[in-house]
Amino acid sequence: MDGHNPLVREALHTPGRGRVLVVDGGARLDCALLGDQLAQAGVAQGWAGVVVNGAVRDAARLAELPLGVLALATHPRRSGKLAQGERDVGVHFAGVWLWPGDWLCADEDGVVVLPGDGGPPDHL
Ligand SMILES: O=C([O-])CC(=O)C(=O)O
Ligand SMILES: [Mg+2]
C-alpha cells in the first residue's frame, strides 16, 4: 500500500470476528499505517490483532487497547490517504507467505504462522 492506509481503515471498520489483520506496508518506516483511532475501530469491530510490515503511531495508546499490535517500528507521521493496495490476497514478507485463513500465534517475541485452509494457489 506504499505509505497509504485507507484500506486498513476500511478493513478495520468491517467485522473482525476474532481475526488478525495482516498489513504489508512494504517495510516502510517513514509513516504510520495504523494509529489509535483505527485500532479503536478494530476493537469495536471485534478484531483480535493487527500485524504491520511497516510502522504504527500512537504507541502508548495502542498498548492500552485490547488488540494485539505488532509492527516493525513507530513513526509519528500519518500515512497518505489514497486507496491504494489490495485486500484479501496473499502477502510475502520476512521470508514468509501469509494467506487469508492462516492462523497466527504471537507473543512479545514474534509471530508463528500456521497454514489455514485458504492456502496458496497450486502454482506457488
Ligand atoms: O489516522 C491515521 O492514519 C492513523 C492514526 O493516527 C490513527 O488511526 O489514530
Ligand atoms: Mg492517531
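- Under the annotation held in an unreviewed UniProt entry, the chain carries the name 4-hydroxy-4-methyl-2-oxoglutarate aldolase and is attributed to Deinococcus gobiensis.
- As recorded by UniProt, the Sequence similarities (unreviewed entry) comment attached to the chain reads in full: "Belongs to the class II aldolase/RraA-like family."
- For the record of the chain, the UniProt heading Function (unreviewed entry) holds the text "Catalyzes the aldol cleavage of 4-hydroxy-4-methyl-2-oxoglutarate (HMG) into 2 molecules of pyruvate. Also contains a secondary oxaloacetate (OAA) decarboxylase activity due to the common pyruvate enolate transition state formed following C-C bond cleavage in the retro-aldol and decarboxylation reactions."

**Some details on the coordination of the magnesium ion (ligand 2)**
- Around the magnesium ion (ligand 2), the protein supplies Asp36 (OD) and Asp58 (OD) as donor atoms, at distances of 2.2 to 2.7 Å. Of this pair, Asp36 sits in helix H2 (residues 36-44) while Asp58 sits in the loop between strand S3 (49-56) and helix H3 (59-64), and the two are 22 residues apart along the sequence.
- By relative accessible area, which is 18% here, Asp36 ends up buried.

**A closer look at the UniProt feature "binding site: substrate" (unreviewed entry) in the chain**
- In the numbering adopted here, UniProt assigns the feature "binding site: substrate" (unreviewed entry) to Gly35, Asp36, Gln37, Leu38 and Arg57. These annotated residues cover 23 residues of sequence, and their C-alpha atoms all fall within 10.6 Å of one another, placing them together at a single site.
- The topology assignment puts Gly35 in the loop between strand S2 (32-34) and H2.
- Owing to a relative accessible area of 9%, Gly35 belongs among the buried residues under this scheme.
- Each residue touching Gly35, except ones within four places of it in the same chain, is listed here: Arg57, Asp58 and Leu62.
- Position of Leu38 relative to the elements: it lies in helix H2.
- In contact with Leu38, not counting residues within four places along its chain, are Asn5, Val8, Arg9, Leu12, His13 and Leu33.

**What to know about the UniProt feature "binding site: Mg(2+)" (unreviewed entry) in the chain**
- Taken from the UniProt record, the annotation "binding site: Mg(2+)" (unreviewed entry) applies to Asp58.
- When its relative accessible area of 32% is taken as the criterion, Asp58 is described as partly exposed.
- Not counting residues up to four positions away in its chain, the partners in contact with Asp58 are Gly35 and Asp36.

**Let's talk about the environment of Asp24**
- Mapping Asp24 onto the fold places it in strand S1 (residues 20-24).
- Those residues in contact with Asp24 that sit more than four places away from it in its chain are Met1, Asn53, Val91, His92 and Phe93.
- Within the local environment of Asp24, its side chain forms a polar contact with the backbone nitrogen of Gly26, the two atoms lying 2.9 Å apart.
- Engagement of the side chain of Asp24 in a polar contact is seen with the side chain of Asn53, the distance being 2.8 Å.

Reading the values: the criteria
Residues numbered from 1 in each chain as written. Chains lettered and ligands numbered in written order. Predicted model: local features only at pLDDT ≥ 70, side-chain atom pairs only at ≥ 80, totals over all residues. Heavy atoms only, no water. UniProt positions renumbered as here; feature names shortened; annotations may be inferred. Donors = N, O, S within 2.8 Å, 3.2 Å for Na, K, Ca; no water. Helix = DSSP H or I, 4+ residues; strand = E, 2+ residues; numbered from the N terminus. Buried < 20%, exposed > 50% of the residue type's maximum accessible area, 1.4 Å probe, protein only. Contact = heavy atoms within 4.5 Å. Polar contact = N/O pair within 3.5 Å; in protein donor to acceptor, adjacent residues only side chain to side chain.

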